[in-house]
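Tertiary structure, described
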Amino acid sequence: MDPLRPAPPMSAPLLLWVILLRWASGGGFIRGGRTWQHCTDLRPLDILSEVVPAGALARGMRVFQVQGLRGFQLAASRPRALGFPASRLFIHCDRFPEEFSIIVTLRVLGVPAKRNEYIFTLMAEESPGVLVGLRYAPDKLHFLFWSQERAGGWQTRVTFPNVSLSDGQWHTLVLAVSGQSFSLTVDCSIPKDVVVETPFPGSLSVRRASFYLGNRRRRKGVFTGLLRQLVLLPGADATPRICTTMNFKVATLSVPTVLQDVPMKPASNEVLKYPYETDTKVTLGSRPRCTKQEKAQFWFNASRRGLYLCNGSAWVSMLEVKHRLDYVEEYQNLVTNSETMGVEVFTIPKVGLFAATANRITPPGSAIYKWTDGKFVPYQNIRTYQAQSWKYFTIGKKIFLAVANFEQNERGQEFSVIYKWSRRKAKFITYQRITTHSARDWEAFVIEGEAFLAVVNHREGNNHNIDSVIYRWNPRTGLFETNQTIPTSGAYDWEFFTIGPYSFLAVANTFNGTSTKIYSHIYIWLSGSFQLFQSILTFGAADWEVFHIGDRVFLAVANSHSYDSGMPAPSNFYAINSSIYELNITAQMFVKFQDLLTYSALDWEFFSVGDDSFLVVANSFDGFTFSVNSIIYRWQGYEGFVAAHHLPTVGCRDWEVFHTAEGSYLLYSSAKEPLSKVLKLKTT
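Just so it is clear, the structure is predicted and the values come from calculations on it, not from any experiment.

Another point: the overall build of the chain. In terms of regular secondary structure, the chain is built from four helices and 48 strands. Relative to its 684 residues, the chain shows a buried fraction of 53%. With an accessible surface of roughly 30,600 Å², the chain has 50% of that area assigned to carbon and sulfur atoms.

Of note, Ala 358 is situated in strand S23 (residues 352–359). Note: C-alpha distance between Ala 358 and Met 341 (17 residues apart in sequence) is 5.5 Å. In this view, Ala 358 contacts Glu 339, Thr 340, Met 341, Gly 342, Ser 366, Ala 387, Gln 388, Ser 389 and Trp 390; residues no more than four positions away in its chain are not counted.

Another aspect to go through is the pattern of salt bridges. Per the counting criterion, the structure on display carries 12 salt bridges. With a shortest N-O distance of 3.2 Å, Arg 360 and Glu 339 are connected by a salt bridge. Of this pair, Arg 360 sits in the loop between S23 and strand S24 (366–372) while Glu 339 sits in the loop between strand S21 (325–335) and strand S22 (340–348), placing them 21 residues apart in sequence. A relative accessible area of 33% means that Arg 360 is categorised as partly exposed. Glu 339 sits in the buried class, given a relative accessible area of 16%.

By the criterion of burial, strand S27 (residues 398–405) is predominantly enclosed, with seven of the eight residues buried. Across eight bridges, the pairing between strand S26 (residues 387–395) and S27 is antiparallel. Note that in S27 the partner of Thr 394 across the bridge is Ile 399. Taking the residues between adjacent antiparallel strands as the criterion, S26 and S27 are bridged by two residues, where Gly 396 takes a positive phi near 60°. Across four bridges, S27 lies against strand S28 (residues 415–422) in antiparallel orientation. Its bridge partner being in S28, Ala 402 is matched across the sheet by Ile 418.

What follows deals with the packing of aromatic side chains. Counted under the stated rule, the structure contains 61 aromatic pairs. Aromatic pair Phe 393 and Phe 400: ring centres 5.3 Å apart, planes at 20°, arrangement stacked. Residue classification places Phe 393 among the buried residues on the basis of a relative accessible area of 8%. A cation over a ring is seen here: Lys 375 above Tyr 331, with NZ or CZ 4.3 Å from the ring centre.

What follows concerns the side chain of Thr 598. Note on placement: Thr 598 falls in strand S41 (residues 589–599). Using a relative accessible area of 0% as the deciding quantity, one classes Thr 598 as buried. For Thr 598, the side chain forms a polar contact with the side chain of Ser 578, separated by 2.8 Å. Not counting chain neighbours up to four residues away, the residues in contact with Thr 598 comprise Asn 559, Tyr 574, Ala 575, Ile 576, Asn 577, Ser 578, Trp 604, Val 617 and Asn 619.

Now for the environment of Gln 386. Relative to the elements of secondary structure, Gln 386 occurs in the loop between strand S25 (375–382) and S26. The exposure class of Gln 386 is partly exposed, given its relative accessible area of 23%. Spatially, the C-alpha atom of Gln 386 lies 8.5 Å from that of Met 341, the residues being 45 residues apart in sequence. Setting aside residues up to four positions removed in sequence, Gln 386 forms contacts with Asn 359, Arg 360, Thr 362, Ala 404, Asn 405, Phe 406 and Glu 407. Here the side chain of Gln 386 touches Glu 407 through a polar contact of 3.4 Å, side chain to side chain.

We now examine the sheet that holds S21. The strands that make up a sheet pair up through hydrogen bonds in the backbone, lying either parallel or antiparallel. Across the sheet, which stays open at both edges, the four strands sit in the order S21-S48-S47-S46 with antiparallel pairing between neighbours. Whereas interior strands pair on both sides, the edge strands pair on one side only; in this sheet they are S21 and strand S46 (652–660). Ignoring strand direction, the axes of neighbouring strands in this sheet form an average angle of 25°. Here strand S47 (residues 663–670) runs beside strand S48 (residues 675–683); their pairing, made up of four bridges, is antiparallel. If you follow Leu 667 over to S48, its bridge partner there is Val 678.

A word on the state of the cysteines. One pass over the full model with this rule turns up one disulfide. Shown here is the disulfide that connects Cys 290 with Cys 310, its sulfur atoms set 2.1 Å apart. Judged by the sign of its S-S torsion, about 95°, the bond between Cys 290 and Cys 310 is right-handed. Taken as a pair, Cys 290 in the loop between strand S17 (282–284) and strand S18 (298–301) and Cys 310 in strand S19 (residues 306–310) lie far apart in primary sequence, 20 residues in all. The two residues Cys 290 and Cys 310 agree in class, both being buried.

So, on to the sheet that holds strand S31 (residues 450–457). The strand order S30-S31-S32-S33 describes an open sheet built from four strands, whose pairing is antiparallel. In this open sheet, the two strands that pair with only one neighbour each are strand S30 (439–447) and strand S33 (479–489). Averaged over all pairs of adjacent strands, the angle between their axes in this sheet comes to 20°, without regard to strand direction. Note: S30 against S31, eight bridges, orientation antiparallel. If you follow Glu 443 over to S31, its bridge partner there is Ala 454.

One number sums up the size of the second largest pocket: a volume of about 560 Å³. In terms of lining residues, the second largest pocket is bounded by 31 residues, among which Glu 344, Asp 441, Asp 493, Asp 543 and Glu 656 are the most central. Elements that contribute at least two residues to the lining of the second largest pocket include exactly S22, S26, S30, strand S34 (493–499), strand S38 (541–549), strand S42 (601–609) and S46. Here the residues of the lining of the second largest pocket sort into 14 nonpolar, three polar and 14 charged.

Time to look at the pairing of S33. The side chains of a regular strand alternate between the sheet's two faces. Note that strand S32 (residues 465–474) and S33 share 10 bridges and pair antiparallel. Of the residues in S33, the one forming a bridge with Trp 473 is Phe 480. Connecting S32 to the antiparallel partner S33 that follows it, the hairpin turn spans four residues, and Gly 478 within it adopts a positive phi of roughly 70°.

The rules behind each value
- Residues numbered from 1 in each chain as written.
- Predicted model: local features only at pLDDT ≥ 70, side-chain atom pairs only at ≥ 80, totals over all residues.
- Heavy atoms only, no water.
- Helix = DSSP H or I, 4+ residues; strand = E, 2+ residues; numbered from the N terminus.
- Buried < 20%, exposed > 50% of the residue type's maximum accessible area, 1.4 Å probe, protein only.
- Areas by Shrake-Rupley, 256 points an atom, 1.4 Å probe, with all protein chains shown as cover.
- Contact = heavy atoms within 4.5 Å.
- Salt bridge = Lys/Arg side-chain N within 4 Å of Asp/Glu carboxyl O.
- Pairing = 2+ DSSP bridges.
- Phe/Tyr/Trp six-rings, centres within 6.5 Å; stacked < 30°, edge-to-face > 60°.
- Lys NZ or Arg CZ within 6 Å of the ring centre and 35° of its normal.
- Polar contact = N/O pair within 3.5 Å; in protein donor to acceptor, adjacent residues only side chain to side chain.
- Axes fitted to C-alpha atoms, helices over the stretch in contact; angles between N-to-C directions.
- Disulfide = S-S within 2.5 Å.
- 1 Å grid on protein atoms, 1.4 Å probe; cavity = no way out; pocket = protein on both sides within 12 Å on 5 of 7 lines; lining within 4 Å.
- Points joined across faces, edges and corners; volume = space filled by probe spheres on them.
- Nonpolar A, V, L, I, M, F, W, Y, C, P; charged D, E, K, R; others polar.

Here it is as structure tokens:
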């Protein structure tokens, strides 16, 4: 079925405002003008709760808790046991509502190609046909319904393409149906609207029909993931009721009691007997292995007083005593090939933890270190040309590492390079070269299932006002191809982030050829490209850092220096405020929240310890010396960020935070000496 041709796009701020108002309203709407005689109350009808009345699980159902949320796992052995008569929901008559929403919260496992799994079906007892159903295939969602307006009946399938759910995360879907209009909203993102020739029937009989959970009354096609919420809401689009919190992926309208965060209190001394409790095994002692065989088992770490759940590959914290940062101690002096302009810490699954340093001098180029026996040790050297930064990212099962080269190679060619991890060779090998101009930074991100890679071009010759480029991954060719160019001025950094269903990209503009007092820009993704959303005056901006504290969204800029060829020189170019901005929903923009005095700041890094939030700044030069304290600021609520720890650094360029089973660490790179440092966060 072909979707409707989209209307002309609204301006970025107007569209954001319209959607936010829609969320805030909390009300629903009904499409079309036809009426429907109420066969049920106009309230949420919890299909899952009907399968588990009074908390008694049907045969073939188990409860599992993943990522802090509980869901039902269904067995294929007894599909009919996972059903109930439709008359339980349709109590006044035997017709399905003409206008309605279906709300589903689920966690999908990897679905093989050409395989379909049913989330639910409604079927008449005497017929194998599906009256109403929802079916998931790889990257597609199908809504099925039986149209009795044609002779003999006819099953219609409405397909929503590019619906990617197989990432191991929880997702909430809202399907709104009215006549010929079908709208799917995934995690409160922009709705996918489809209009079909055959309308949903106005009088679909459900006499002698039953709902089936996760199947179509057969073993084939049983849903293999976890189901947490399955609700039918007659007469309304449920999107405004669902999309009212920041945690869109797990928004709820109605969840069975057994799946709620707090289990039902047993009567007297009765012991709860849900499968997720009776089948649980808790291991004590040193860290055990976590493989598919140990999946859903627990490990109690007595030294950290933490409870962990095995997800099949790693131990996930479920319950842990909250630690507080006490002090920072020097842990490792990391000798580098030369001065280090940037560092990237990443984990390759089943291989280990790595750090890539972007080093200035060629040869020997840049280095990759592997965390071995509690230290970073040299692992691989890569020839680079005054490398500025690294970016680690994945596309499907492919693992990549991109370097931003600032200088030309020996042949006078100026390339930045994307490397791919070779599982056979256990190292990174050259994959794609991309022409860049004094590249400073790469940013990798995904929008609506598509992978992108953005490069910051700093200058071309003496011209700082040039285009930076956004590349889109072409799955057919397996290469990145130019998708969009954005004018930048001596830019240093890209920062991608999302707020609800919206994607943003912020650029740190540093120098336009005459001044560092210039605007840096925030762009919003609309209608297939980035469009200007907001401009913020910055002073030699070198970095953006986005972070969340509770439901609040912040954006911090690192200002490096104040210079204007047409103005008198300040007393100190480098002692300058860097600023923190907060998203103001009402004003539809980021507004200044706090100024902090910094010294040629080049980077911000946000991290948390227990319930406390921190920002660490990379101070690089105070106008006299590169030996400058970098500062950790602690979040103090109403007071904002307050200086908590002063860390001696030399030409500090970049901060990275990382975690291991032994604790949490900070790694800083020095742009003035061939020595970086690993610092350990000591907690109480």
